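An overview of the molecular structure
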Amino acid sequence: MTQTPEDFRQRAWDAMSRGRTDADHPARQPVLATSGVEGPSLRMVVLRGWDADVAEIQSDRATGKVADLATDPRAALLVWMPADSLQIRLTGRAELIHGDRDRWAKIPEGPRQVYGGTPPPGTPMQDPADHNPDPDPDRFTAIRIHVTRADILHIGEERHTRARFDRGMDGQWTGSWIAP
């Protein structure tokens, strides 16, 4: 059992780091929450980076999630690790980076197909074959979520354990146990 809130946070950060590189780790595919004109929106994403309290995912610039974040940069990520009975909720502010050629160059040819194409994401079509992939580096968007709060919950058989952490203006984390 984790002894201090900081040990608990480090356990979550280790999971996020592992999710960045391990395709089979639950943190590889967190749920992203945004808020848009139609209210809250949730979707699965792929964690592409985790470094210094910043999570990075990627998207087509024409998606609803990018539009949501352009209007309201508040975002949340949710990870559920069933083998550990651990829930990680991270909230922060999103930074949108459009058309970054260095990042684009690192994407293999096959996956580039999802960044671009006509019609754009979310457009109604008669048939799935009506979509024409056309990789476009200008439509590629890196979304960097600068985490400012973490809420971590372990669901134990006899006792649940939960801690919340806030990142100060100095970049330091403070946390404490809270009731589950």
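Refer to the structure presented above.
To start, this report covers the structure provided alongside it. (Residues numbered from 1 in each chain as written. Predicted model: local features only at pLDDT ≥ 70, side-chain atom pairs only at ≥ 80, totals over all residues. Heavy atoms only, no water.)

**Overview of the nonpolar core**
Residues W50, I88 and L90 are the most contacted members of the largest nonpolar core, which totals 30 residues. Those residues within four positions of I88 in sequence are excluded, and the remaining contacts are A12, A15, L77, L78, V79, M81 and D151. (Core = buried A, V, L, I, M, F, W, Y, C linked by side-chain atoms within 4.5 Å. Buried < 20%, exposed > 50% of the residue type's maximum accessible area, 1.4 Å probe, protein only. Contact = heavy atoms within 4.5 Å.)

**Regarding the layout of surface pockets**
The space that makes up the largest pocket amounts to roughly 180 Å³. M44, V45, V46, Q58 and K65 are the residues nearest the centre of the largest pocket, which is lined by 13 residues in total. The element best represented in the lining of the largest pocket is strand β4 (residues 54-60), accounting for four residues. Its residues assigned to classes, the lining of the largest pocket comprises six nonpolar, four polar and three charged. The wall of the second largest pocket is formed by A76, L77, L78, R89, T91, R149, A150, D151 and R164. Secondary structure elements with two or more residues in the lining of the second largest pocket: β5 (74-81), β6 (86-98) and β9 (140-155). Partitioned by chemical class, the residues of the lining of the second largest pocket number four nonpolar, one polar and four charged. (1 Å grid on protein atoms, 1.4 Å probe; cavity = no way out; pocket = protein on both sides within 12 Å on 5 of 7 lines; lining within 4 Å. Points joined across faces, edges and corners; volume = space filled by probe spheres on them. Helix = DSSP H or I, 4+ residues; strand = E, 2+ residues; numbered from the N terminus. Nonpolar A, V, L, I, M, F, W, Y, C, P; charged D, E, K, R; others polar.)

**Quick look at unusual backbone geometry**
That bond from T118 to P119 is cis: its omega, -10 degrees, falls within 30 degrees of zero. Looking at the secondary structure, you find P119 in the loop between β7 (116-118) and β8 (132-135). At A52, a position not held by glycine, the phi torsion is positive, near 50 degrees. Positionally, A52 belongs in the loop between β3 (49-51) and β4.

**A short note on the environment of D151**
Looking at the element boundaries, D151 is found in strand β9. For D151, a relative accessible area of 6% puts it in the buried group. In the structure, D151 is positioned 27 residues away from I178 in sequence and 9.4 Å away in space, judged by C-alpha atoms. Within polar-contact distance, the side chain of D151 engages the side chain of R162 at 2.6 Å. (Polar contact = N/O pair within 3.5 Å; in protein donor to acceptor, adjacent residues only side chain to side chain.)

**What about the pattern of salt bridges?**
Counted under the stated rule, the structure contains 15 salt bridges. The salt bridge involving R167 is made with D53; its shortest N-O contact spans 3.4 Å. Here D53 lies in the loop between β3 and β4 and R167 lies in strand β10 (residues 160-167), a separation of 114 residues in the sequence. Classification of R167 as partly exposed rests on a relative accessible area of 31%. On the basis of relative accessible area, D53 is assigned to the buried category, the value being 9%. Two residues, E56 and R144, come together in a salt bridge whose shortest N-O distance is 3.3 Å. Linking E56 in strand β4 with R144 in strand β9, this pair joins segments that are 88 residues apart in sequence. By relative accessible area, which is 9% here, E56 ends up buried. Here the residues in one salt-bridge network are E56, E95, D100, R103 and R144, joined through shared partners. (Salt bridge = Lys/Arg side-chain N within 4 Å of Asp/Glu carboxyl O.)

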